[in-house]
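# Report on the structure
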Amino acid sequence: MAILIDGKKTSQEIQSEIAGRVSEIKAEGGKVPHLAAILVGNDGASQTYVNAKVKACEQVGFESTLVRLEDTVSEEELLKVVEDINENPEIDGLIVQLPLPNHISVEKVTDKIKPEKDVDGFTPSNVGRMALNWPAYVAATPYGIIELLKRYNIETSGKHCVVIGRSHIVGSPMSILMARNGYPGNSTVTLTHSRTVNLSEITQTADILIVAIGKPEFVTANMVKPGAVVIDVGIHRIADTSKKSGFRLIGDVKFGEVAEKASAITPVPGGVGPMTIASLLYNTLLAAEKKVYG
Ligand code: NAD
């Protein structure tokens, strides 16, 4: 049976390390990190995510500002709000919760965020810096995975890492991070996607398999090499009448049978998910301490 890579526990450790640093900053009379989040519209999942981020800020002692805008807001108005926050010296980090309504260009809004405050790591400047292996705000989910590999001392050098999915927020940056010269990194990386032929043959050669495909329980035991490290990024709600909530969460990996074969695996829930918020808080701390752009 595989070692469980516990993202819940690790994220709590990171949050208490951040809270400790905030106490030191306060004791030194420094400025407490301040995160601003912009939420457009009333999408239920987006509200839940933003609320969780604001609550996490409170828990570590950060200040936070939530700017809520109607889904009828114009692109111009939203760009103006971003610009105001860019210029506000009180605010260290800014995130714009996605998705945005169809009439607003995500590219334009992302590009408007000052790279120094882009704690989601989505601007071209930060993606480029990450790819160059320069100091950068790395997007929260890939950064969370890197931190899990590090804290569980997973050997990555010379290993074959297969990433399933090439999204801008998970698969693509993950492939770059695993190939870069450093630890975790120095892996030989194969990035697979919807046009990949013979996916299963490729995944069976993976020492480290990172799955961000967005299909419930897609990866089964026969796709996994014995002893592989399996990181499951997927999150799906499925109906479950035995639960009070009426649903339970599953990942992109068929956990039970894959855990029998893997050497280490992240569960869903409690794996990659909780690390995302911890990474965002960490990036905000870096922003407040001017550790990325100097
Ligand atoms: P996405 O839908 O943007 O990308 C999915 C990728 O899978 C695409 O690049 C596509 O090419 C690839 N793909 C589709 N079918 C394939 C196939 N048959 N074979 C190989 N590749 C195939 O998804 P995403 O935003 O990267 O998210 C992936 C999953 O991770 C989702 O379940 C999402 O909810 C979850 N997610 C979780 C977190 C977290 O914090 N834990 C963060 C982001 C996303």
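Rules and cut-offs
- Residues numbered from 1 in each chain as written.
- Predicted model: local features only at pLDDT ≥ 70, side-chain atom pairs only at ≥ 80, totals over all residues.
- Heavy atoms only, no water.
- Helix = DSSP H or I, 4+ residues; strand = E, 2+ residues; numbered from the N terminus.
- Expected span 1.5 Å × (residues − 1).
- Buried < 20%, exposed > 50% of the residue type's maximum accessible area, 1.4 Å probe, protein only.
- Contact = heavy atoms within 4.5 Å.
- Pairing = 2+ DSSP bridges.
- Axes fitted to C-alpha atoms, helices over the stretch in contact; angles between N-to-C directions.
- Core = buried A, V, L, I, M, F, W, Y, C linked by side-chain atoms within 4.5 Å.
- Domains from an automatic or database assignment.
- Near = heavy atom within 4 Å.
- Polar contact = N/O pair within 3.5 Å; in protein donor to acceptor, adjacent residues only side chain to side chain.
- Areas by Shrake-Rupley, 256 points an atom, 1.4 Å probe, with all protein chains shown as cover.
- Phe/Tyr/Trp six-rings, centres within 6.5 Å; stacked < 30°, edge-to-face > 60°.
- Lys NZ or Arg CZ within 6 Å of the ring centre and 35° of its normal.
- Parallel < 35°, antiparallel > 145°, perpendicular 65-115°, else oblique.
- Nonpolar A, V, L, I, M, F, W, Y, C, P; charged D, E, K, R; others polar.

The next subject is helix α10 (residues 272–288). Its 17 residues place the ends of α10 25 Å apart at the C-alpha level, agreeing with the 24 Å of an ideal helix rising 1.5 Å per residue. When α10 is considered as a whole, its buried residues turn out to be V272, M275, I277, A278, S279, L280, L281, N283, T284, L285, L286 and A287. In this structure, the buried side of α10 is in contact with α1 (7–27), β2 (34–40), α2 (44–60), β4 (93–96), α6 (140–151) and β8 (229–232). Looking one or two residues beyond α10, the residue adopting positive phi is K290, at roughly 50 degrees.

Our next topic: the sheet that holds β2. Read across the sheet, three strands follow the order β3-β2-β4 without closing on themselves; strand pairing throughout is parallel. In the strand order of this sheet, the two ends are held by β3 (63–69) and β4, each with one partner. When strand polarity is set aside, the average angle formed by the axes of neighbouring strands in this sheet is 15 degrees. As defined by bridge partners, β2 adjoins β3 across seven bridges and the pair is classed as parallel.

In this section: the nonpolar core. Soluble globular proteins tend to pack their nonpolar side chains together in the buried interior. One finds I18, F62, I145, M178, I210, I231 and L281 to be the most contacted residues of the largest nonpolar core, which totals 49 residues. Per element, the largest residue contribution to this core is nine residues, and it comes from α10. Among the domains, domain 1 (29–114) and domain 2 (140–273) are the pair contributing at least three residues each to this core. In contact with I18, not counting residues within four places along its chain, are V60, F62, A278, L281, Y282 and L285.

This brings us to the site of the ligand. Taken together, 22 residues lie around the ligand, and R166, S167, H193, S194 and T276 are the ones closest in. A distance of 3.3 Å separates an oxygen atom of the ligand from a polar backbone atom of I235. Notes on the ligand: free accessible area 860 Å², of which the protein chains cover 72%. Top element by residues in the shell around the ligand is α10. It accounts for three residues.

Our next topic: the packing of aromatic side chains. Taken as a whole and judged by the stated rule, the model has two aromatic pairs. For the pair Y137 and Y293, a centre-to-centre distance of 6.1 Å together with 35 degrees between the ring planes defines the contact as tilted. On the criterion of sequence distance, the pair formed by Y137 in the loop between α5 (124–131) and α6 and Y293 in the segment after α10 is long-range, its members being 156 residues apart. Of the residues examined, Y137 reaches a relative accessible area of 2% and is grouped as buried. The aromatic ring of Y293 is capped on one face by R129, whose charged end is 4.0 Å from the ring centroid. It is R237 that lies over the ring of F247; its NZ or CZ is 3.9 Å from the centre.

Moving on, we come to the packing of α1 against α2. Relative to each other, α1 and α2 sit at 55 degrees, their axes nearing to 8 Å. Taken together, α1 and α2 sit at an angle that is classed as oblique. Across the interface between the two elements, Q15, I18, A19 and V22 of α1 pack against A56, Q59 and V60 of α2. Looking at the contact of α1 with α2, its residues break down into five nonpolar, two polar and no charged.

Once that is clear, we can look at the domain arrangement of the chain. For an interface, size is often stated in terms of accessible area lost upon the parts coming together. Taken as a whole, the chain is organised into domain 1 (29–114) and domain 2 (140–273). A C-alpha centroid distance of 29 Å is found between domain 1 and domain 2.

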